[in-house]
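Residues per chain, in single letters:
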Amino acid sequence: MALGYSAARNGERRAPRPRKVPMIDDVHKELSSASAKAHDALRRDLAKLRAGRASANLLDGVRVDYYGSSTPLSQMANIAIPEPRLLTVKPWDRSAVKAVEKAIRETDLGLNPQTDGDLIRVPLPPLTEERRREFVKIAKKYGEECKVSVRKARHEAVDLLNEMDKAGEASEDDVERGKKKVEELVAEATKIVEQLVATKEKDIMEV
């Protein structure tokens, strides 16, 4: 600081130091962001699979034909869990009750909704052993799809680092360190996928 001040007082101009753009850090941030989005999608998919207990997320994928528009159930009704094996759905528009009941009945969740005035009761029948194992297979499939998304993000990150190396935008050592960090982030993201699927599998198989 003193040197710069002295030079300025003597009328000398110092060339500004070039600002180092943290491009490698940006690559890592993009990879982390892509992995987080893949995890969020996996959580939504797993939430749709029935387990032994009632969950409002079970109906996340239900869409209702509401005045000619395919509308998510969550945007037109209150969903509650008064009992461990019972969901209740109360449409905000009473005229939509029949349409909501029909939409729930036509899902592949094996549900049998029962209307009581403007309230729809959705009891959850016990899952058979066979049905539980089917859901576990689906959960694992969702997990593999998530891993594919993470690997795709990894591939894009490595490509970007290679391009930076060729263009001379980063040193070879920095690029190698960047790739090592990519592998660490991917390993961490993959571990989260496996934990999410394992937790859901335990939830499904719990009697």
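Every value quoted in this text rests on a predicted model; they were computed, and no experiment measured them. Per chain, residue numbering runs from 1 following the sequence as it is written. Only residues with pLDDT of at least 70 are given local features in this predicted model, and only at 80 or more are side-chain atom pairs given and counted; all residues enter the totals for whole chains, interfaces and linings. Only heavy atoms go into the side-chain values, all of them from the structure, while hydrogens and water stay out.

**Student:** Looking at this structure, how should I read the sheet that holds strand β5 (residues 114–116)?
**Tutor:** Backbone hydrogen bonds are what pair the strands of a sheet, in a parallel or an antiparallel way. With antiparallel pairing, four strands are arranged side by side in an open sheet as β3-β4-β6-β5. Each edge of the sheet is formed by a strand with only one pairing partner; in this case those strands are β3 (77–83) and β5. In this sheet, neighbouring strand axes are inclined to one another by 25° on average, regardless of whether the strands run parallel or antiparallel. Only when DSSP finds a minimum of two bridges between them are two strands counted as paired. A run of DSSP states H or I qualifies as a helix once it reaches four residues; a run of E qualifies as a strand once it reaches two. Both are numbered from the N-terminal end. Of the pairings in the sheet, the one linking β3 to strand β4 (residues 86–91) comprises five bridges and is antiparallel in character. Within β4, the position partnered with Ala80 by the bridge is Thr88. Axis geometry follows a simple rule: fit a line to the C-alpha atoms, using only the stretch in contact for helices, then measure angles between N-to-C directions, giving values from 0 to 180 degrees.

**Student:** Where do I start with the side chain of Lys147 in this structure?
**Tutor:** The topology assignment puts Lys147 in helix α4 (residues 129–166). For the purposes of these results, a polar contact is taken to be a pair of N or O atoms within 3.5 Å, where, inside protein, one atom must be able to donate a hydrogen and its partner to accept one; residues adjacent in sequence count only when each atom of the pair is a side-chain atom. Looking at Lys147, its side chain comes within polar contact range of the side chain of Glu194, at 3.3 Å.

**Student:** Hey, could you run me through unusual backbone geometry in this one?
**Tutor:** Positive phi, close to 55°, is recorded for Tyr67, a residue that is not glycine. Summarising the element assignment, Tyr67 is placed in the loop between β1 (63–66) and β2 (69–72).

**Student:** Help me understand the pattern of salt bridges in this model?
**Tutor:** A pair can form between side chains of opposite charge whenever their charged atoms are brought close. One side-chain nitrogen of Lys or Arg within 4 Å of one carboxyl oxygen of Asp or Glu is enough to make a salt bridge. For the coordinates displayed, the defined rule picks out 12 salt bridges. Between Glu106 and Lys102 there is a salt bridge, and its shortest N-O distance comes to 2.9 Å. We note that Glu106, like Lys102, is exposed. A salt bridge links Arg177 to Asp174, with the nearest nitrogen and oxygen atoms 2.5 Å apart. In this pair, Arg177 and Asp174 are both assigned in helix α5 (residues 172–205), three residues apart and thus about one turn of the helix distant. The network of salt bridges with shared partners includes Glu144, Lys147 and Glu194. Burial classes: relative accessible area under 20% of the type maximum marks a residue as buried, over 50% as exposed, and values in between as partly exposed (1.4 Å probe, protein chains only).

**Student:** Sorry if this is basic, but what is going on with the packing of α4 against α5 here?
**Tutor:** In helix packing, the relevant descriptors are the interaxial angle and the interaxial distance, both defined with respect to the helix axes. Two elements in contact, α4 and α5, have axes separated by 10 Å at closest approach and are oriented at 170°. With respect to each other, α4 and α5 are oriented roughly antiparallel. Per-class residue counts for the contact of α4 with α5 are 16 nonpolar, four polar and 13 charged. Working rule for angles: under 35 degrees goes down as roughly parallel, over 145 as roughly antiparallel, 65 to 115 as roughly perpendicular, anything else as oblique. Basically, the charged four are Asp, Glu, Lys and Arg, the nonpolar ten are Ala, Val, Leu, Ile, Met, Phe, Trp, Tyr, Cys and Pro, and anything else, Gly included, counts as polar.

**Student:** Can you walk me through helix α3 (residues 97–105) in this structure?
**Tutor:** Within α3 the residues assigned to the buried category are Val97, Val100, Glu101, Ala103 and Ile104. The buried side chains of α3 occupy one side of the element, clustering within an arc of 160° when seen end-on. Residues Lys98 and Lys102 are exposed on α3 and point more than 90 degrees away from its buried face. We call two residues in contact when some of their heavy atoms are within 4.5 Å. Lining the buried residues of α3 we find β1, β4, β5 and β6 (119–123). Here the arc refers to the directions that run from the helix axis out to each C-beta atom.

**Student:** Please explain helix α2 (residues 23–47) as it appears in this structure.
**Tutor:** Residue pairs three or four apart in sequence face the same way in an α-helix, which turns once every 3.6 residues. Taking 1.5 Å per residue as the helical rise, α2 with its 25 residues ought to reach 36 Å, and the 36 Å between its terminal C-alpha atoms agrees with that figure. If you check which residues of α2 are buried, you get Ile24, Val27, His28, Leu31, Ser35, Ala38, His39, Leu42, Leu46 and Ala47. At its buried positions, α2 is contacted by α4 and α5. To estimate how far a helix should reach, multiply one less than its number of residues by 1.5 Å.

**Student:** Where do I start with the environment of Arg85 in this structure?
**Tutor:** Counting through the fold element by element, Arg85 comes out in the loop between β3 and β4. Considered as a pair, Arg85 and Arg53 are 32 residues apart in the sequence and their alpha carbons are 5.5 Å apart.

**Student:** When you look at the packing of α2 against α5 in this model, what are you seeing that I'm missing?
**Tutor:** Two elements in contact, α2 and α5, have axes whose closest approach is 10 Å; the angle formed by their N-to-C orientations is 10°. Regarding the angle of α2 to α5, the classification is roughly parallel. Looking at the contact of α2 with α5 residue by residue, the classes come out as 14 nonpolar, five polar and four charged.

**Student:** Whenever I open this one, the packing of aromatic side chains confuses me. Can you help?
**Tutor:** The relative placement of two aromatic rings is captured by the distance of their centres and the angle of their planes. Note on aromatic pairs: the rings of Phe, Tyr and Trp (six-membered ring only in Trp) are paired at centre separations within 6.5 Å, and the planes decide the class, stacked below 30 degrees, edge-to-face beyond 60, tilted for the rest. Taken as a whole and assessed by the stated rule, the structure comprises one aromatic pair. Plain terms: the ring middles of Tyr66 and Tyr67 are 4.8 Å apart, the flat faces sit at 65° to each other, and that makes the pair edge-to-face.

Fair warning: the whole summary comes from geometry, so function is off the table for now.
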